[in-house]
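# Coordinate analysis (summary)
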Amino acid sequence: MLDPVAIAHDMRDAFKARNMRKMRKTNDKIQAETALNFSKQNFMLAVYSYVLAKMLSKPRFFGKEHADAVKMIEAKLDGLVSTAEKKDPEALAKYLDSLGDAIQALDSADSRFIKGMIDKGKLKTAAILYAQGISLSAASEMTGVEKQEIMDYAGKTMMFDRLSDKIPLDSRIKKARRMLLGE
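Reading guide: rules and limits
Residues numbered from 1 in each chain as written. Predicted model: local features only at pLDDT ≥ 70, side-chain atom pairs only at ≥ 80, totals over all residues. Heavy atoms only, no water. Helix = DSSP H or I, 4+ residues; strand = E, 2+ residues; numbered from the N terminus. Buried < 20%, exposed > 50% of the residue type's maximum accessible area, 1.4 Å probe, protein only. Contact = heavy atoms within 4.5 Å. Areas by Shrake-Rupley, 256 points an atom, 1.4 Å probe, with all protein chains shown as cover. Expected span 1.5 Å × (residues − 1). Salt bridge = Lys/Arg side-chain N within 4 Å of Asp/Glu carboxyl O. Phe/Tyr/Trp six-rings, centres within 6.5 Å; stacked < 30°, edge-to-face > 60°.

### Observations regarding the overall build of the protein chain
From N to C terminus, the protein chain includes 10 helices and zero strands. Listed by position from the N terminus, the elements making up the protein chain come as α-α-α-α-α-α-α-α-α-α. The proportion of buried residues among the 183 residues of the protein chain is 44%. At a minimum sequence separation of 6, the contacts of the protein chain that also span at least 24 residues come to 66%. Accessible surface, the protein chain as shown: approximately 10000 Å² in total, 53% of it carbon and sulfur.

Right under this line is the structure:
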């Protein structure tokens with residue numbers, strides 16, 4: 001089970017330390033848990049940790065022209081920790097939206113691509129779920145990303161060849177039973 005408090009601390013600490021590796025490891029933990037126990041909260045944590053790791057890999061985001069936006073993201077990550085510690089899922093969901101707005105503001109200020117970083121994060125997360133053994137239809141339905149986009153991305157990136165953490169068959173069967181039978 002994913003501990004939102006620990007994850008919020010990991011995300012904040014990695015971002016403030018500008019530690020891309022730690023952010024990627026945090027993202028990997030979230031991705032693995034999201035594949036086993038999908039929730040909107042886990043999905044958005046996976047997306048945002050992926051996007052923050054991408055930002056950390058791009059020095060241009062940490063120049064003077066983006067200092068205010070970066071400080072806002074840091075403040076939102078501090079707030080994410082505080083909100084997670086209250087153990088109120090509704091408040092955490094709202095706060096995740098607020099974090100997304102801060103990330104989007106930085107992405108919009110330095111937009112260089114057709115697809116924004118948050119949309120790319122959603123697509124990559126959906127494709128990882130698919131590559132880990134979630135059906136294409138379920139991955140699309142759970143994440144809101146079109147099936148064709150997921151297939152195209154997974155195929156172009158050869159994700160199936162690189163991904164070593166696949167969901168075991170017994171876990172997929174249990175998940176299918178829960179989804180279909182409400183067990």
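Structure shown, so let's carry the discussion forward.
### Quick word on helix α5 (residues 89-109)
End to end, α5 covers 30 Å across 21 residues, agreeing with the expected 30 Å (1.5 Å per residue, within 8%). Residues of α5 that are buried: Leu92, Tyr95, Leu96, Ser98, Leu99, Gly100, Ala102, Ile103, Leu106 and Asp107. Those residues of α5 that are buried are in contact with α1 (4-16), α3 (40-56), α4 (67-85) and α6 (117-131).

### Considering the pattern of salt bridges
Within this structure, the stated rule accounts for five salt bridges. Here Arg18 makes a salt bridge to Glu74, at a shortest N to O gap of 2.9 Å. In this pair, Arg18 sits in the loop between α1 and α2 (20-36) while Glu74 sits in helix α4, placing the two residues 56 residues apart along the sequence. Judged by relative accessible area, which is 36%, Arg18 ranks as partly exposed. Residues participating in the shared-partner salt-bridge network are Arg12, Asp13, Lys16 and Asp78.

### With respect to unusual backbone geometry
Across the chain, the bulk of peptide bonds are trans and the bulk of non-glycine residues have phi less than zero. Positive phi, close to 55°, is recorded for Arg18, a residue that is not glycine. For Lys87, which is not a glycine, the phi torsion comes out positive at approximately 55°. Of note, Lys87 is situated in the loop between α4 and α5. We classify Lys87 as exposed; its relative accessible area is 62%.

### Things to note about the environment of Ile118
Tracing the backbone shows Ile118 in helix α6. As a C-alpha pair, Ile118 and Asp107 span 11 residues in sequence and 8.4 Å in three-dimensional space. Every residue in contact with Ile118, bar those within four places of it in the chain, is listed here: Val47, Tyr48, Val51, Gly100, Ile103, Gln104 and Asp107.

### Description of the packing of aromatic side chains
In total, this model carries two aromatic pairs according to the counting rule given. For the ring pair Phe15 and Phe62, a centre distance of 5.9 Å and an interplane angle of 50° mean the geometry is tilted. Residue Phe15 is located in helix α1, and its partner Phe62 is located in the loop between α3 and α4; the two are separated by 47 residues in the primary sequence. An angle of 40° between the planes, with centres 6.0 Å apart, marks the rings of Phe38 and Phe43 as tilted.

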